[in-house]
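Structural characterization, general
One letter stands for each residue in the lines below.
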Amino acid sequence: MNAPAKTEDFASSIPAGVYAETVLSVTHYTDRLFRFTMTRPQGFRFRSGEFAMIGLMVAGKPIFRAYSIASPAWAEELEFFSIKVPDGPLTSHLQAIKPGDQVLMRKKPTGTLVLDALTPGRRLYMFSTGTGVAPFASLIRDPETYEKFEEVILTHTTRDVAELKYGFDLVHEIQNDELLKEVVGDKLRHYATVTREDFEYRGRITDLISSGKLFTDLGVPPLDPAIDRGMICGSSAMLKDTKELLEKAGLNEGANSKPAEFVIERAFVG
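All values reported here derive from a predicted model rather than from experimental measurement. (Residues numbered from 1 in each chain as written. Predicted model: local features only at pLDDT ≥ 70, side-chain atom pairs only at ≥ 80, totals over all residues. Heavy atoms only, no water.)

1. A word on the overall build of the protein
A tally of regular secondary structure across the protein gives nine helices and 11 strands. At 19 Å, the protein has a C-alpha radius of gyration in line with the 18 Å of a compact globule built from 270 residues. Its C-alpha atoms give the protein principal-axis dimensions of about 60 × 40 × 35 Å. Relative to its 270 residues, the protein shows a buried fraction of 51%. In the structure as shown, the protein presents an accessible area of about 12,400 Å², 50% of it carried by carbon and sulfur atoms. Distance between charge centres in the protein, computed from 32 positive and 37 negative side chains, equals 5 Å. (Helix = DSSP H or I, 4+ residues; strand = E, 2+ residues; numbered from the N terminus. Rg over C-alpha atoms; globule rule 2.2 N^0.38 Å. Buried < 20%, exposed > 50% of the residue type's maximum accessible area, 1.4 Å probe, protein only. Areas by Shrake-Rupley, 256 points an atom, 1.4 Å probe, with all protein chains shown as cover. Lys, Arg positive; Asp, Glu negative; His and termini not counted. Charge placed at Lys NZ, Arg CZ, Asp CG, Glu CD.)

2. Quick look at the sheet that holds strand β2 (residues 33-39)
Taken in spatial order, the six strands line up as β4-β3-β6-β1-β2-β5 in an open sheet, and their pairing is antiparallel. Each end of this open sheet is capped by a strand with a single partner; those strands are β4 (61-68) and β5 (77-83). Mean inter-strand twist for the sheet, computed between neighbouring axes without regard to direction, equals 40°. Relative to β4, strand β3 (residues 51-58) runs antiparallel, the two being bridged by eight bridges. What sits directly across from M57, in β4, is P62. (Pairing = 2+ DSSP bridges. Axes fitted to C-alpha atoms, helices over the stretch in contact; angles between N-to-C directions.)

3. Some details on the sheet that holds strand β9 (residues 188-194)
Across the sheet, which stays open at both edges, the five strands sit in the order β9-β8-β7-β10-β11 with parallel pairing between neighbours. With one partner strand each, in any of the chains shown, β9 and β11 (262-264) form the two edges of the open sheet. Taking the axes of each pair of neighbouring strands and ignoring which way they run, one obtains an average angle of 10° across the sheet. The strands touched by helix α5 (residues 165-175) are β8 (151-158) and β9; relative to β9, the strand with the most contacts, the crossing angle is about 165°. Sheet strands in contact with helix α9 (residues 236-248) are β7 (123-129), β10 (228-233) and β11, and its direction is about 170° off that of β10. (Contact = heavy atoms within 4.5 Å.)

4. What to know about unusual backbone geometry
Positive phi, close to 55°, is recorded for A59, a residue that is not glycine. Structurally, A59 can be placed in the loop between β3 and β4.

5. Focus on the packing of aromatic side chains
Applying the stated criterion across every chain yields a total of 11 aromatic pairs. Where F81 meets Y166, the ring centres are 3.9 Å apart and the plane angle is 15°; that geometry is what we call stacked. Highlighted residues: F81 in strand β5 and Y166 in helix α5, separated in sequence by 85 residues. An identical accessibility class is assigned to F81 and Y166; each is buried. Among the aromatic residues, those joined into a ring-pair cluster are F34, F36, Y67 and F80. Between R106 and the ring centre of F64, over which it is positioned, the NZ or CZ distance is 4.1 Å. (Phe/Tyr/Trp six-rings, centres within 6.5 Å; stacked < 30°, edge-to-face > 60°. Lys NZ or Arg CZ within 6 Å of the ring centre and 35° of its normal.)

6. Topic: the nonpolar core
General note: in soluble globular proteins, nonpolar side chains tend to be found buried as a group. Grouped together as the largest cluster of nonpolar side chains are 31 residues, with contacts concentrated most on M126, F136, I140, Y166, L188 and M231. At the level of secondary structure, the elements contributing two or more residues to this core comprise β7, α3 (134-139), β8, α5, α6 (180-184) and β10. In contact with M231, not counting residues within four places along its chain, are L113, V114, L115, L118, L124, Y125, M126, F127, F136, L139 and V263. (Core = buried A, V, L, I, M, F, W, Y, C linked by side-chain atoms within 4.5 Å.)

7. Quick word on the pattern of salt bridges
Side-chain pairs of opposite charge can arise whenever the charged atoms involved come near each other. In the structure shown here, the tally under the stated rule is 21 salt bridges. One salt bridge in this structure joins K148 and E144, with 3.3 Å as the shortest N-O distance. Note that K148 and E144 are positioned in helix α4 (residues 143-148) at a spacing of four residues, about one turn of the helix. With a relative accessible area of 30%, E144 lands in the partly exposed category. (Salt bridge = Lys/Arg side-chain N within 4 Å of Asp/Glu carboxyl O.)

8. Some words on α9
The first and last C-alpha atoms of α9 sit 18 Å apart over 13 residues, in line with the 18 Å expected at 1.5 Å per residue. Every buried residue of α9 is listed here: M238, L239, T242, L245 and L246. Looking down the long axis of α9, one finds its buried residues gathered within 135° of arc, a one-sided arrangement. For α9, the secondary structure elements touched by its buried residues are β7, α7 (205-211), β10 and β11. (Expected span 1.5 Å × (residues − 1). Arc of directions from axis to C-beta.)

9. Digging into the environment of V114
For V114, the location among the structural elements is in the loop between β6 (102-106) and β7. With 117 residues separating them along the chain, V114 and M231 place their C-alpha atoms 8.6 Å apart. Discounting residues that sit within four places of it in the chain, V114 has contacts with R47, S48, G49, E50, M231 and N256.

10. A few points about the side chain of K84
With respect to the secondary-structure elements, K84 resides in the loop between β5 and α2 (91-94). D31 provides the closest opposite charge to the buried, salt-bridge-free K84, at an N-O distance of 6.8 Å. Separated by 3.1 Å, the side chain of K84 and the backbone oxygen of T30 make a polar contact. Those residues in contact with K84, other than ones at most four positions away along the chain, are H28, T30, D31, R32, L33, F34, T91 and Q95. (Polar contact = N/O pair within 3.5 Å; in protein donor to acceptor, adjacent residues only side chain to side chain.)

See the structure below:
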């Protein structure tokens, strides 16, 4: 096991143009999911919803992968939500980090799941599966989201109920934060579903959109391009199917250079 280094050797081996930050906390949710926080580099700026390249030195070489920054742009610490891949080149090592260890991060954040890439609307849907909820963890804690939208609906679909806990923790955190709860009020709605266990809401989000059950459960009308905006983050199949459903409803895909009714993050696919 190549444990994250804590010695002077680590500092001397850091690649140019890369931050080396200290792990502050680690929370393991299941045998597949964990959350960690680390120090935020002085002068590091990002837009809520963007991702960064996170890495470790493994066998003397830096290995990086794209990770959404789960903390909002205003936060003093950086937060990430990760899956554990037993044989993953990075996650097999990253899942073993502890407070005090160091993690690498490239200096330039980027991404399409940002408010700037959407045209003005009234209701914002955030469609996520698994760790795809991470960029939305950033956005639902950003006051700008609620300045731009009257209603924010976070959907989070996982295989098992235990994998939903991170999302529920986020909402609980917002509801108990003196400043955030005042900004958010009743604008945030959390719609959590599972596919393999009994739960209040069950099924793939694409099936729930197609059948109309999502809208019935929420008490809102079907997707309307004049009102609704969307953000999508999840598996490649989920991205494809959700994109088709939104386009069928008349919404167009946008980008940083050309804002429209919905955006997709493809950096984590493949």
